[in-house]
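Descriptive structure summary
Residues per chain, in single letters:
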Amino acid sequence: MTLTAVTWLFALYCLLPLVWLVVNATKSQADFVSSFGLAPGGRFALWDNITAVFRYQDGIFVRWLLNTVLYVVVGAVVSTFLAALGGYALAKLHFRGKRLLLFVILGSIAVPGIALAIPQFLLFARLGLTNTPWAVLVPSFVNPFGLYLMWVFAAEAVPTDLLEAAKVDGAGEFRTFARIALPMLAPASVTVLLFSFVSIWNNYFLPLIMLKDPGWYPLTIGLNEWNKLGSTAGNGALIQNLVITAALLTIVPLIIAFLSLQRYWQSGVALGAVKG
């Protein structure tokens, strides 16, 4: 009984900000500043707010959305493929320096990404890549945790005998990986893809220091600019309702991604439980 109550309290704690976001996205600016946060406004203004979000500042929200989709799709797909390739190599191939490489990967997981932001900025500044999409994309390709996860999964999920049989039949290393190992790594790949998707979608500090042109901003930076604009006294831009509505729109793709890939993720968890 106590555990159930604690679980419900934790669920309420997690859902309350989402409920507040949904409720306030349906309010006009006047209702937003005059009504209680969890109470509905005088009129349902969600569609008006959505229209205003896409029209405000000549539709810059659409550009930010497309930028974010670019960063997320390319970054998540490439990082997942590289993690699968590296994890397979660490789990099934034998080469010099493998143990040292494993220690480097485990050590890099413990280093927070924000600690590497300044060195990355200096490096990309030397290469002349700051204020370009590459400054956001290239760092997202490296995913130490995803590499570690794929390594652990590949060690158990990919039978060594099957790989050796493929090599006896004349298949090269990359063809063996692509035709045999990669399909078996699908559950772990989906997990890494989701983690990468969420991480890149919510990435804030790296684009903040890398990008100066608003035309290349992701949603995280763009919405923060709107939030500062709406919070600055005396600028005449009362757009808190638009910021709230835009924030609600930005979480919709995350929900769709999780629901769409849920069955693959659940199959991966079930497979891991059976193997355990």
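Let us look at the structure shown here. (Residues numbered from 1 in each chain as written. Predicted model: local features only at pLDDT ≥ 70, side-chain atom pairs only at ≥ 80, totals over all residues. Heavy atoms only, no water.)

Looking at the overall build of the chain
Per the secondary structure count, the chain includes 15 helices and zero strands. The dimensions of the chain, computed from C-alpha atoms along their principal axes, are 70 × 60 × 30 Å. Expressed as a percentage of its 276 residues, the buried residues of the chain come to 37%. The long-range share in the chain, meaning contacts at least 24 apart out of those at least 6 apart in sequence, stands at 71%. The chain carries 16 positive and 10 negative side-chain charges, and their two centres are separated by 4 Å. (Helix = DSSP H or I, 4+ residues; strand = E, 2+ residues; numbered from the N terminus. Buried < 20%, exposed > 50% of the residue type's maximum accessible area, 1.4 Å probe, protein only. Contact = heavy atoms within 4.5 Å. Lys, Arg positive; Asp, Glu negative; His and termini not counted. Charge placed at Lys NZ, Arg CZ, Asp CG, Glu CD.)

Quick look at the pattern of salt bridges
Counted according to the given criterion, the structure contains two salt bridges. A salt bridge links Arg 43 to Asp 48; the shortest N-O distance between them is 3.0 Å. Given the relative accessible area of 44%, Asp 48 is considered partly exposed. (Salt bridge = Lys/Arg side-chain N within 4 Å of Asp/Glu carboxyl O.)

Details of helix α14 (residues 240-260)
The first and last C-alpha atoms of α14 sit 31 Å apart over 21 residues, in line with the 30 Å expected at 1.5 Å per residue. Looking at the packing, one finds that the buried side of α14 touches α1 (2-25), α2 (29-34), α3 (46-55), α4 (60-92), α11 (186-201) and α13 (219-231). (Expected span 1.5 Å × (residues − 1).)

Focus on empty space enclosed by the protein
Overall, the coordinates contain one cavity of 30 Å³ or more when judged by the stated rule. Lining the largest cavity are Thr 68, Tyr 71, Val 136, Ser 140, Ile 200, Asn 203, Pro 207 and Pro 218. When residues of the lining of the largest cavity are traced back to their parent elements, those giving at least two are α4 and α7 (134-140). In the lining of the largest cavity, the residues fall into five nonpolar, three polar and no charged. (1 Å grid on protein atoms, 1.4 Å probe; cavity = no way out; pocket = protein on both sides within 12 Å on 5 of 7 lines; lining within 4 Å. Points joined across faces, edges and corners; volume = space filled by probe spheres on them. Nonpolar A, V, L, I, M, F, W, Y, C, P; charged D, E, K, R; others polar.)

Some remarks on the environment of Ser 79
As for its position among the elements, Ser 79 is in helix α4. In this structure, the C-alpha to C-alpha distance between Ser 79 and Leu 147, residues 68 residues apart in sequence, is 8.9 Å. In this view, Ser 79 contacts Ser 140, Phe 141, Asn 143 and Ser 196; residues no more than four positions away in its chain are not counted. In this structure the side chain of Ser 79 is engaged in a polar contact, spanning 3.1 Å, whose partner is the backbone oxygen of Ala 76. Among the polar contacts made by the side chain of Ser 79, one reaches the side chain of Ser 196 at a distance of 3.3 Å. (Polar contact = N/O pair within 3.5 Å; in protein donor to acceptor, adjacent residues only side chain to side chain.)

Quick word on the packing of helix α8 (residues 144-157) against α11
Viewed as axis vectors pointing N to C, α8 and α11 meet at an angle of 170°, and their least axial separation amounts to 10 Å. With respect to each other, α8 and α11 are oriented roughly antiparallel. Note on element contacts: α11 touches α8 through Pro 187, Ala 188, Ser 189, Thr 191, Val 192 and Phe 195, opposite Phe 145, Gly 146, Leu 149, Met 150 and Phe 153. A class-by-class count of the residues in the contact of α8 with α11 yields eight nonpolar, three polar and no charged. (Axes fitted to C-alpha atoms, helices over the stretch in contact; angles between N-to-C directions. Parallel < 35°, antiparallel > 145°, perpendicular 65-115°, else oblique.)

Let's talk about a nonpolar patch on the surface
Together, Leu 9, Leu 12, Leu 15, Leu 16, Leu 18, Val 19, Trp 20, Val 22, Phe 36 and Leu 38 make up an exposed nonpolar region whose accessible area comes to about 910 Å². Inspection of the secondary structure puts Val 22 in helix α1. (Patch = residues over 30% accessible without salt bridge, like charges linked within 9 Å, V, L, I, M, F, W, Y side chains within 5 Å. Areas by Shrake-Rupley, 256 points an atom, 1.4 Å probe, with all protein chains shown as cover.)

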